[in-house]
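Structural description and commentary
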There are 2 protein chains.
Amino acid sequence: MSVNIDEFNIRNLDVSGIDRNAPVGVFDSGVGGLTVAREIMRQLPNEMIVYFGDTARVPYGTKSKDTVIRYSGQIINFLKTKGVKAIVIACNTASALALDEIEKDLDIPIIGVIKPGAKVAVEETRNKKIGIIATEATINSHMYSDVIHAYDESIEVLPKACPLFVSLAEEGWTKDPITYAVAERYLKELQEKDIDTLVLGCTHYPLLRKLIGEVVGEKVTLVNPAYETAISLGRMLDSLGISAVSEDRYRGGMYDFYVSDAAERFKNFANSILPFHIDNIKQINIEEY
Amino acid sequence: MSVNIDEFNIRNLDVSGIDRNAPVGVFDSGVGGLTVAREIMRQLPNEMIVYFGDTARVPYGTKSKDTVIRYSGQIINFLKTKGVKAIVIACNTASALALDEIEKDLDIPIIGVIKPGAKVAVEETRNKKIGIIATEATINSHMYSDVIHAYDESIEVLPKACPLFVSLAEEGWTKDPITYAVAERYLKELQEKDIDTLVLGCTHYPLLRKLIGEVVGEKVTLVNPAYETAISLGRMLDSLGISAVSEDRYRGGMYDFYVSDAAERFKNFANSILPFHIDNIKQINIEEY
């Protein structure tokens, strides 16, 4: 399978009509993508964000490719009504299943979380053994393997689905002996196969980063695609000349949050992981887009 | 709050046009309701079943009441196209949030899993302290408490959300020290409050029944709403005179399975818990109903 490994695909986009101070649209199947939004806030403090969490249809990890493409298309239609200048797919499943299909027809730049994470993993590995932990759907898509092999066919990619990690992160059991025991069980076979690099291939997993690091030890480099995606987004906006110019805007007005269901639950999780308090989360009917 | 505690609400239904050999429609947000279907297969072997698992929109536990009512309505519309004579809501969240609303306009009998489970818990408790374990949404609906209190206001109802149990059951870690540790943590406060009865208020939990029983000990009676619902369904069909008459039908043709997404994944789970192998699972677009 041939995979496009351009860090971002900006093709022959005409960006002359794009307002550089317009917001970046970020979406995920639910709350997990907030770890990506958080990195963008930290690394690109001038950028406004419109975040959409598809809480009515979460999780994407168990859904088919066609369904994930259709859902992603609806969300991009919604984000475009908010005048976004670029899109970040902050969801590994949607990045794996929908990005290539969606970017064909899109007239603004778009980036997913898989290519930035895979690229850094290839740069980091010394012994050419990279572990990938993710949801079942992301693993089954083989997208991380395909991108890594497009860089270097001789790299051994060792995947492992870790479905319990999402619930453990959402429970807030991020420094817990039970989570430690689950991580030891999930990661044992990757350690036995001597990986030196491990990709946290699900947006919830950075919340367990410290604990996973303790389990695998210092010799294994952890790659956080959320972090790498924010860096990659900055490079993409710069290279297109559409990075936001700071105008000392009121910070509280810079971030907008939309969900497709149950805003209250989203708010609690968001406020447990974001560096500031958010209150105003709007619920929309995503099936109308 | 006043709650109707009739075991089933058969009002003034006109059943004269109902074919007693028509199938029973059973639905759940996903695979969990198979524990209810399994009990119906065991206890009512003459009944045909059309099962629908809303795998495209699972889980319901994090969705709002309006959304769960809308989804349930679509599913009932679909099941009616299959000529079902009665409906079983094999989903605690939908039973809690949607049953009362939906049965108002329905022209066939319907039953949920909460009332049968609550009724038996009231009959079983001696010290009037009943624990309820379920998803966050079922707990927050207060439906088990409301029904139990409608029987006996003096009963103390002690609820506890156990979100990890679903993932643990789906991982198949049903006899596992990690699951045991999680169960001990979740159930500790209920044990300290001296419950003598515990309702397994989520359709996945009967898969952990043995382990939960070991954690809480023999003095605590476990109530399995899946089991009680099958009994209650049999009584409802008998009292309406529409129980199926056995005609030595071919067993393999008695059960039909439909899902809204990813039939393969459903099949694997179904075959791990059902007493026979199923192959033919059809995927439909539930949003068309």
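Residues numbered from 1 in each chain as written. Chains lettered and ligands numbered in written order. Predicted model: local features only at pLDDT ≥ 70, side-chain atom pairs only at ≥ 80, totals over all residues.

**Brief notes about the overall build of chain A**
Convention followed: Numbered from the N terminus, helices here are DSSP runs of H or I no shorter than four residues, and strands are runs of E no shorter than two. Only C-alpha atoms enter the radius of gyration; for comparison, a globular chain is expected to reach 2.2 Å times N to the power 0.38, where N is the number of residues. Each residue is classed by its C-beta neighbour count within 10 Å, where at least 20 other C-beta atoms makes it buried, 12 or fewer makes it exposed, and intermediate counts make it partly exposed; the C-beta atoms are placed from backbone geometry. For the purpose of contact definition, each residue receives a C-beta atom placed from its backbone, and two residues are in contact when these atoms lie within 7 Å.
Counting its regular elements, chain A contains 12 helices and 10 strands. Taking 19 Å as the expected radius of gyration for a compact globule of 289 residues, we find that chain A reaches 18 Å, a close match to that expectation. Evaluated residue by residue, chain A yields a buried proportion of 51% over its 289 residues. Here the analysis covers contacts within chain A between residues at least 6 apart in sequence; of these, 79% occur between residues at least 24 apart.

**A few points about the nonpolar core**
Among soluble globular proteins, nonpolar side chains are generally buried collectively. Spelled out, the test is: To count as a nonpolar core, a set of buried Ala, Val, Leu, Ile, Met, Phe, Trp, Tyr and Cys residues must be joined through C-beta atoms within 7 Å.
Membership of the largest hydrophobic core comes to 188 residues, with the highest contact counts inside it found for I89 of chain A together with I89 of chain B. Discounting chain neighbours no more than four positions away, the residues touching I89 of chain A are F27, A94, S95, L99, I110, G112 and V113 of chain A.

**A word on the confidence of the model for chain A**
The cut-off we apply is this: Per-residue confidence from the predictor is reported as pLDDT, a score between 0 and 100.
Per-residue confidence for chain A gives a mean pLDDT of 92, with 96% of residues at or over 70. The ipTM value of the predicted complex is 0.83, and its pTM value is 0.87.

**A word on the relation of the copies chain A and chain B**
We count it as follows: A least-squares superposition brings the copies together, and it is based on the C-alpha atoms of residues with pLDDT no lower than 70 in both.
Once chain A has been moved 0.0 Å along the axis and rotated by 180 degrees, it coincides with chain B to within an RMSD of 0.0 Å. Such a turn and shift between the copies fits a two-fold axis. Relative to the rotation axis, the closest C-alpha in chain A is found at R57 of chain A, a distance of 2.7 Å. A shared binding surface is used by both copies, with 100% of the interface residues of chain A retained as interface residues in chain B.

**Digging into the domain arrangement of chain A**
Residue and element names in this part refer to chain A. Basically, it comes down to this: An automatic or database domain assignment is the source of the domain bounds shown. Under the grouping applied here, Gly and all other residues not named as nonpolar or charged are polar, the nonpolar ones being Ala, Val, Leu, Ile, Met, Phe, Trp, Tyr, Cys and Pro and the charged ones Asp, Glu, Lys and Arg.
Its domain assignment divides chain A into domain 1 (24-112 + 227-288) and domain 2 (115-225). For domain 1 and domain 2, the distance between their C-alpha centres works out to 23 Å. Listed by partner, the interface residues are 22 residues for domain 1 and 22 residues for domain 2. Split by residue class, the side of domain 1 that touches domain 2 holds 9 nonpolar, 11 polar and 2 charged.

**Considerations on the interface of chain A and chain B**
One widely used convention gives an interface's size as the accessible area the parts lose upon coming together. Between chain A and chain B, the residue contacts involve 18 residues of the former and 18 residues of the latter. Sorting the residues of the side of chain A that touches chain B by element identifies helix 8 (164-171) and helix 9 (177-192) of chain A as the ones contributing at least two each. Of all the elements, helix 8 of chain A adds the most residues to the side of chain A that touches chain B, at 4 residues. For the side of chain A that touches chain B, the residue count by class is 8 nonpolar, 5 polar and 5 charged.

**Considering the packing of helix 5 (residues 114-124) of chain B against helix 11 (residues 225-240) of chain B**
Relative placement of two packed helices is described by the angle separating their axes and the distance separating the axes. All names here are of chain B. The test is simple: To obtain each axis, a line is fitted to C-alpha atoms, and for helices this fit is confined to the stretch in contact; angles are then taken between N-to-C directions over 0 to 180 degrees. The scheme is simple: roughly parallel for angles under 35 degrees, roughly antiparallel for over 145, roughly perpendicular for 65 to 115, oblique for anything else.
Axis separation between helix 5 and helix 11 bottoms out at 8 Å; the angle between their running directions is 105 degrees. As far as their axial angle goes, helix 11 and helix 5 are roughly perpendicular. Across the interface between the two elements, I114, P116, G117 and V120 of helix 5 pack against P225, E228, T229 and S232 of helix 11. By residue class, the composition of the contact of helix 5 with helix 11 is 4 nonpolar, 3 polar and 1 charged.

**Thoughts on the sheet that holds strand 8 (residues 221-223) of chain A**
All names here are of chain A. Heads up, the rule is: DSSP-based pairing: two strands are paired if at least 2 bridges between them are found.
Across the sheet, 4 strands lie side by side as 6-5-7-8; this open sheet has parallel pairing. The sheet is open, and its two edges are formed by strand 6 (156-161) and strand 8, each paired on a single side. Between one strand and the next, the sheet's axes are offset by a mean angle of 25 degrees, whatever the strand orientation. In this structure, strand 5 (residues 129-134) lies alongside strand 7 (residues 197-200), joined through 4 bridges in parallel fashion. Looking across to strand 7, one finds that I133 is bridged to L200. Lying on the sheet, helix 7 (residues 143-151) is in contact with strand 5, strand 6 and strand 7; it crosses strand 6 at an angle near 165 degrees.

**Examining the pairing of strand 2 (residues 49-53) of chain B**
Regular strands show a simple pattern: their side chains alternate between the two faces of the sheet. Residue and element names in this part refer to chain B. To keep things clear, this is the line we draw: Here a crossover is taken to be right-handed if, once the strands point away from the viewer, the path from the first strand over the helix to the second is traced clockwise.
Most of strand 2 is tucked away, with 4 of its 5 residues classed as buried. Bridge analysis of strand 1 (residues 24-28) against strand 2 gives 5 bridges, and the strand direction is parallel. Within the sheet, the bridge partner assigned to F27 lies in strand 2 and is F52. You can see the chain leave strand 1, run along helix 1 (residues 34-43) and come back into strand 2, and the turn it takes is right-handed.

**Re the pairing of strand 7 (residues 197-200) of chain B**
Residue and element names in this part refer to chain B. Every second residue of strand 7 is oriented toward a common face, with T197 and V199 on one face and L198 and L200 on the other, all of them buried. Strand direction decides the pairing type here: strand 7 and strand 8 (residues 221-223), joined by 3 bridges, are parallel. Across the sheet, L198 pairs through a bridge with L222, a residue of strand 8. Handedness of the crossover joining strand 7 and strand 8 through helix 10 (residues 209-216) is recorded here as right-handed.

**Notes on unusual backbone geometry**
Residues and elements named next belong to chain A. In this chain, V58 is followed by P59 through a cis amide linkage whose omega measures -5 degrees. One can find P59 in the loop between strand 2 (49-53) and helix 2 (65-81). Phi is positive for A262, which is not a glycine, with a value near 50 degrees. Exposure remark for A262: the 22 C-beta atoms within 10 Å place this residue in the buried category.

**Here we look at the environment of I40 of chain B**
Position of I40 of chain B relative to the elements: it lies in helix 1. Setting aside residues up to four positions removed in sequence, I40 of chain B forms contacts with V24, V26, E47, I49, A230 and L233 of chain B.

**What about the sheet that holds strand 5 (residues 129-134) of chain B?**
Residues and elements named next belong to chain B. Taken in spatial order, the 4 strands line up as 6-5-7-8 in an open sheet, and their pairing is parallel. The open sheet has two free edges, formed respectively by strand 6 (156-161) and strand 8, since each of these has just one partner strand. Averaged over all pairs of adjacent strands, the angle between strand axes in this sheet comes to 25 degrees, irrespective of strand direction. Sheet topology places strand 5 next to strand 6; 6 bridges connect them, and they run parallel. Looking at strand 6, one finds that A134 is bridged to A161.

**Details of the environment of V223 of chain B**
All names here are of chain B. The topology assignment puts V223 in strand 8. Classification of V223 by C-beta neighbours within 10 Å gives buried; the count is 24. Between the alpha carbons of V223 and T125 there is a distance of 10 Å; along the sequence they are 98 residues apart. Other than its neighbours up to four places away in sequence, V223 contacts G117, V120, A121, E124, T197, L198, V199, L200 and E228.

**Thoughts on helix 8 (residues 164-171) of chain B**
Taken together, the buried positions of helix 8 of chain B are L164, F165, V166, L168 and A169 of chain B. Where helix 8 of chain B is buried, its residues meet helix 8 of chain A together with helix 9 (177-192) of chain B. Count one or two residues on from helix 8 of chain B and you reach G172 of chain B, which has phi positive near 80 degrees.

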